[in-house]
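Commentary on secondary and tertiary structure
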Amino acid sequence: MVSAVRKTKWLGKSWMFFDVVESTQDVMRKWVLSGALHGAIVVADMQTCGRGRVGRSWFSPLGKNLYFTVALQLPHSHPPSGTLSLLVGVAVAEALQKFEAKVYVKWSNDVVSESGRKLAGILVESFEPEPKKVWSLVGVGINVNINEDEFPDELRTTATSLKAVCGRELDRFEVLAEVLCSLEFWWEKWASNEFDLFRQAYERLDWLKGKQVIVFLPDGTTVEGTAMGITDEGELMLTLPDGTRQRLVAGDVTVRTAGA
Ligand code: BTN
């Protein structure tokens, strides 16, 4: 673990490592309430109640993958909050590319392989433990050394790992070191409102751009269209079949296959 935080300037210098926790998000929340520093990180070798977005669980078996939460205190002025999880996606994707993996971001919170299988998920939970001090708990799960046939049935056709993409096992702490350096770099840009560089990086890594998609909205309805990138607020932009534009704040995106 020490090697994972050696290359950063400030992020992760204060850390906790656990063999097993329910969720690194919950451990970090308690730590922030009892005085964690900006940039502190909680890492676990396994989670018994790892959670994903919209009440889903996050598959977190022992010793195979990376599960961690970073606590970041938001500056008073910053880009729209909806862009933070996209920024983390860019940070993770750029870090994973260092291992010669072809990696992309998929709106809103996923990092995927070239074939669109999920390599990593991001969960940002924000709270205000005291007035005017907003913290974001940035939770990241990365499938590093798990084999595709070790995923539970419901993930077997949609998830993958760095090992499967790169064709070799990777040192999880080397991966973590790259991700933390990248996250530190991108956080500094975001926190100082330098948005253009992030937009360019997002466009370069955008797996959905130009694809025909179906978006499952939180209210149970769906929208179909062509993905056109993101807005400055971090919404997904779609061109609908009638040529009009629609901006979506949240939803699950599936790419339409030919004939579907
Ligand atoms: C998603 O894709 O739905 C987000 C998954 C986020 C998983 C990570 S693993 C570390 C941290 N602790 C959790 O319980 N969840 C996040």
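Residues numbered from 1 in each chain as written. Predicted model: local features only at pLDDT ≥ 70, side-chain atom pairs only at ≥ 80, totals over all residues.

1. Structural notes on helix H5 (residues 196-205)
Spelled out, the test is: Three exposure classes are used, based on other C-beta atoms lying within 10 Å of a residue's own C-beta, which is placed from the backbone: buried for 20 or more, exposed for 12 or fewer, and partly exposed in between. Working definition: helices are DSSP H or I runs of at least four residues, strands are E runs of at least two. Numbering for both runs from the N terminus. Starting at the helix axis, one direction is taken to each C-beta atom, and the arc is that of these directions. We call two residues in contact when the distance between their C-beta atoms, placed using the backbone, is within 7 Å.
Taken as a whole, H5 has its buried residues at Ala201, Tyr202 and Leu205. Take H5 and look down its axis: the buried residues cluster within an arc of 100 degrees, on one side only. In this structure, H5 carries Asp196, Gln200 and Glu203 as exposed residues pointing more than 90 degrees from its buried face. Each element contacted by the buried residues of H5 is listed here: helix H2 (84-97), strand S4 (103-106) and strand S9 (222-230).

2. Concerning unusual backbone geometry
A cis geometry characterises the amide bond from Trp107 onward to Ser108, with omega recorded as 5 degrees. Secondary-structure assignment places Ser108 in the loop between S4 and strand S5 (110-113). A positive phi angle, close to 65 degrees, is found at Lys132, a residue other than glycine. Mapped onto the elements, Lys132 comes out in the loop between strand S6 (118-130) and strand S7 (133-142).

3. Considerations on the domain arrangement of the protein
How we decide: Residue ranges labeled as domains rest on an automatic or database domain assignment. Note on residue classes: Ala, Val, Leu, Ile, Met, Phe, Trp, Tyr, Cys and Pro are nonpolar, Asp, Glu, Lys and Arg are charged, and everything else, Gly too, is polar.
Domain annotation of the protein identifies domain 1 (2-205) and domain 2 (212-255). Facing 10 residues of domain 1, the contacting portion of domain 2 comprises 10 residues. Taken together, the residues that form the side of domain 1 that touches domain 2 break down as four nonpolar, four polar and two charged.

4. Overview of the sheet that holds S4
The line we're drawing: What makes two strands pair is DSSP finding at least two bridges between them. A fitted line through C-alpha atoms serves as each axis, taken over the contacting stretch for helices, and the angle formed by two N-to-C directions is quoted from 0 to 180°.
The seven strands lie next to each other as S1-S2-S3-S7-S6-S5-S4, forming an open sheet whose pairing is mixed. Two strands bound the open sheet, and with one partner strand each, they are strand S1 (15-21) and S4. For this sheet the average axis-to-axis angle between neighbouring strands, irrespective of direction, equals 20 degrees. Note that S1 and strand S2 (residues 41-47) share six bridges and pair parallel. Among the inter-strand pairings, Trp15 is bridged to a residue of S2, identified as Ile41. Running over the sheet, H2 touches S4, S5, S6 and S7 and is turned about 140 degrees from S6.

5. Notes on the nonpolar core
Which entries qualify depends on this criterion: Joining buried Ala, Val, Leu, Ile, Met, Phe, Trp, Tyr and Cys residues through C-beta atoms within 7 Å gives a set, and that set is a nonpolar core.
Counting 71 residues, the largest nonpolar core has Val88, Val90 and Val92 as the members making the most contacts within it. Summarising the domain contributions, this core has at least three residues from each of domain 1 (2-205) and domain 2 (212-255).

6. Some points on the site of the ligand
To be explicit about the condition: Working rule for contacts: place C-beta from the backbone, and if it is within 6 Å of a molecule or strand, that residue counts as near it.
Around the ligand lies a shell of 20 residues, among which Ser23, Gly52, Gly121, Gly139 and Gly141 are the nearest. Secondary-structure elements contributing two or more residues to the shell around the ligand are helix H1 (24-33), strand S3 (66-73), S6 and S7. Of the residues that constitute the shell around the ligand, the class distribution is six nonpolar, 11 polar and three charged.

7. Some words on the packing of H2 against helix H4 (residues 172-191)
The following threshold applies: Should an angle fall under 35 degrees it is taken as roughly parallel, and over 145 as roughly antiparallel, whereas 65 to 115 is taken as roughly perpendicular and any remaining angle as oblique. In this scheme the crossing of two helices becomes right-handed for a clockwise turn of the near helix relative to the far one and left-handed for an anticlockwise turn of less than a right angle.
Running from amino to carboxyl end, H2 crosses H4 at an angle of 140 degrees, the nearest separation of the two axes being 8 Å. Between H2 and H4, the angle is such that the two are oblique. For the pair H2 and H4, the sense of crossing is right-handed. In this structure, H2 uses Leu84, Leu87, Val88, Val90, Ala91, Val92, Glu94 and Ala95 to contact H4, whose residues at the interface are Glu178, Val179, Ser182, Leu183, Trp186 and Trp190. In the contact of H2 with H4, the residues fall into 11 nonpolar, one polar and two charged.

8. Re H4
So the rule is basically this: Any helix carries an expected span of 1.5 Å times its number of residues minus one.
Across its 20 residues, H4 extends 28 Å between first and last C-alpha, which sits within 8% of the 28 Å expected from 1.5 Å per residue. Immediately downstream of H4, the backbone of Asn193 shows phi near 60 degrees, a positive value.

9. Quick word on the pairing of S6
Strand direction decides the pairing type here: S5 and S6, joined by three bridges, are antiparallel. Paired with Val111 across the two strands is Ala120, which belongs to S6. Linking two consecutive strands that pair antiparallel, namely S5 and S6, is a turn of four residues; a positive phi of about 90 degrees is found at Gly116 within it. Strand direction decides the pairing type here: S6 and S7, joined by nine bridges, are antiparallel. Note that in S7 the partner of Val124 across the bridge is Val138. Connecting the antiparallel pair S6 and S7 is a turn made up of two residues, with Lys132 showing a positive phi of about 65 degrees.

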